[in-house]
Structure formats: structure tokens, C-alpha cells
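Analysis of the macromolecular model
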Amino acid sequence: EGTLSGLYDVDNTLQLMVFHWVFIPWLQEELNTYQGCVNLARKHHDCNKVLPHGRLELIHMSPKDFGALDFKVTVDPAAIQQVRNIYIKPDHLVFNLIPGPLNVFLCECCNKLGCPVVNRSSVWTVYCQLYAVIQCYAKTPPILASINTEMEDDELTLLDGLQDLPFLKSEIHYYMGNVGGGLGLSKYFIVLQAPCILLVGSSY
């Protein structure tokens with residue numbers, strides 16, 4: 001709707017950030033509501049299927065009460081937390097809806113609008129109003145200029161015991177992989193092509 005009417009341009013960085021800030025939380029809330037409605041509603045009885053009948057959430061929590069077997073694979077929450085502590089950096093930029101300085105700025109602008117309610121009928125109106133307010137502030141360009149700096153990817157370090165893939169480059173192509181010890185396919189190889197024709201070629 002917004003793209004067709006010219007309200008939203010994916011190539012406009014500011015519009016993209018405002019769109020994310022307004023739409024993603026609203027869509028997540030809508031999905032959560034839909035999930036709750038589906039999981040807490042009793043399904044229509046289907047005489048062609050032998051399935052437990054009742055509310056899905058209750059069947060999931062206590063399948064024995066509905067004459068069903070429990071096939072859930074339970075994982076110790078402590079184990080999940082341990083994996084998170086090892087591999088996840090909580091303050092990494094990937095966990096931010098939008099860059100930090102712009103998020104604070106949008107919160108200020110939203111407060112100026114009186115924190116309007118976002119729903120199906122008002123989401124595009126809120127987006128347009130917020131975008132219009134932002135354009136009136138002189139500090140918007142410096143904040144946008146800082147986005148690229150903040151969003152630079154961190155250098156990833158290899159896990160213990162691993163090494164970088166070999167890099168092979170020729171005049172016509174390059175290969176990054178681990179086939180043939182990083183050299184790719186051998187110089188001569190055989191390909192079987194239907195109907196049973198053997199082709200001999202060179203990878204170089």
C-alpha cells in the first residue's frame with residue numbers, strides 16, 4: 001500500500017528506518033495475537049483423523065489428559081543459557097531494531113505526537129506523521145550519517161580448531177571452498193550425463 005502510493009521508498013534510508021520502527025513491533029504484536037487465538041481455540045472435529053480434540057495449547061502442555069502421547073523434546077533451560085553465553089553477544093547491533101541513536105530520536109519524535117496507537121487502520125498514518133516530524137529536525141542528517149559507522153560488521157573470529165578456507169584465484173575465476181584441499185576439482189574429471197554419455201573435461 002505505502003509503496004504503491006509513494007509513501008515508502010525502500011531505497012530511502014530514513015523511510016526504511018521509520019518503517020522498521022513503526023511496522024515491525026506492530027506486526028509482531030499482531031502475530032502474537034493470532035498465535036494466541038489459534039492455540040487457545042478448539043478445532044473443528046474431523047471424523048477422518050484420529051487426533052486429540054481440544055485447545056492446542058492445553059494439548060501441548062498436558063497431552064496425557066487428552067489421550068495423546070508426549071513427543072516433546074525437552075531441553076534444559078540452563079543448557080540453552082550456556083549456549084547463549086558462549087555464542088551470543090547481547091549488545092550486538094543485530095539485536096537492535098534500528099541503530100541506537102536513531103531509536104532514541106524516534107522515541108522523542110513519537111512523544112511529540114502524543115504516542116499514537118498503532119493498529120491496522122492507523123499504521124500508515126502514524127508512519128507518515130512520524131516521518132514528517134523527523135524531517136523538521138535539524139539533527140536528523142547527523143544521526144543518519146552515523147548509521148553507516150554504527151552498522152559496520154564486526155570481524156568474525158574462527159572457532160578453536162578451525163582455519164580459513166583456501167583461496168584459489170586464476171585469470172578467469174576464483175574458488176573458495178574445501179574440495180580437493182581448497183584447489184577445487186582436479187584438472188581432468190569425468191561427468192556422467194544422460195543417456196549414459198561420458199564426457200571428459202578440464203576444470204581449468
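Preceding this paragraph is the structure being described.
What comes next is a walk through the structure.

Conventions used here
Residues numbered from 1 in each chain as written. Predicted model: local features only at pLDDT ≥ 70, side-chain atom pairs only at ≥ 80, totals over all residues. Heavy atoms only, no water. Helix = DSSP H or I, 4+ residues; strand = E, 2+ residues; numbered from the N terminus. Contact = heavy atoms within 4.5 Å. Polar contact = N/O pair within 3.5 Å; in protein donor to acceptor, adjacent residues only side chain to side chain. Expected span 1.5 Å × (residues − 1). Bend = angle between axes of the 7 residues up to and from the residue. Phe/Tyr/Trp six-rings, centres within 6.5 Å; stacked < 30°, edge-to-face > 60°. Buried < 20%, exposed > 50% of the residue type's maximum accessible area, 1.4 Å probe, protein only. Axes fitted to C-alpha atoms, helices over the stretch in contact; angles between N-to-C directions. Left-handed = near helix turned anticlockwise from the far one by under 90°. Core = buried A, V, L, I, M, F, W, Y, C linked by side-chain atoms within 4.5 Å.

**With respect to the environment of Tyr 8**
With respect to the element layout, Tyr 8 can be found in the segment before helix H1 (13-39). Distance in space between the C-alpha atoms of Tyr 8 and Tyr 127 is 9.3 Å, their sequence separation being 119 residues. If near-sequence neighbours (up to four positions away) are discounted, Tyr 8 is found in contact with Gly 2, Thr 3, Gln 15, Leu 16, Phe 19, Trp 124 and Tyr 127.

**Section: the side chain of Ser 122**
Note that Ser 122 resides in the loop between helix H4 (100-112) and helix H5 (123-135). At a separation of 2.9 Å, a polar atom in the side chain of Ser 122 contacts the side chain of Asn 119.

**Things to note about H1**
Over its 27 residues, H1 runs 38 Å from end to end, which matches the ideal 39 Å to within 8%, given 1.5 Å per residue. The axis of H1 is deflected most strongly, by about 25°, at Phe 23, and proline Pro 25 appears within four residues downstream. Its side-chain oxygen at 3.1 Å from the backbone nitrogen of Leu 14, Asn 12 defines the N-terminal cap of H1.

**A word on the packing of aromatic side chains**
Applying the stated rule across the entire model yields 10 aromatic pairs. Between Phe 19 and Trp 124, the aromatic rings sit 6.0 Å apart at their centres with planes inclined by 45°, giving tilted as the arrangement. Of this pair, Phe 19 sits in helix H1 while Trp 124 is found in helix H5, placing the two residues 105 residues apart along the sequence. Judged by its relative accessible area of 14%, Trp 124 is buried. Each ring, one from Phe 23 and one from Trp 26, has its centre 6.0 Å from the other, and the planes form 80°; the classification is edge-to-face. With a gap of 3 residues between them, Phe 23 and Trp 26 both fall in helix H1, about one helical turn apart. Across the pair, exposure class does not vary: Phe 23 and Trp 26 are buried alike.

**Side note on the packing of H1 against H5**
Relative to each other, H1 and H5 sit at 145°, their axes nearing to 10 Å. For the element pair H1 and H5, the recorded crossing hand is right-handed. Mapping the contact onto sequence places Leu 14, Gln 15, Val 18, Phe 19, Trp 21, Val 22, Phe 23 and Trp 26 in H1 and Val 123, Trp 124, Val 126, Tyr 127, Leu 130, Tyr 131 and Ile 134 in H5.

**A word on unusual backbone geometry**
For Cys 115, which is not a glycine, the phi torsion comes out positive at approximately 50°. Here Cys 115 shows up in the loop between H4 and H5. Cys 115 gets classed as partly exposed once you look at its relative accessible area, which sits at 45%.

**Some remarks on the nonpolar core**
One finds Val 18, Val 22, Phe 23, Leu 106, Leu 130 and Ile 134 to be the most contacted residues of the largest nonpolar core, which totals 23 residues. Elements that contribute at least two residues to this core include exactly H1, H4 and H5. Filtering out sequence-adjacent residues up to four positions away, Leu 130 remains in contact with Val 18, Trp 21, Val 22, Leu 106, Cys 109, Cys 110 and Leu 113.

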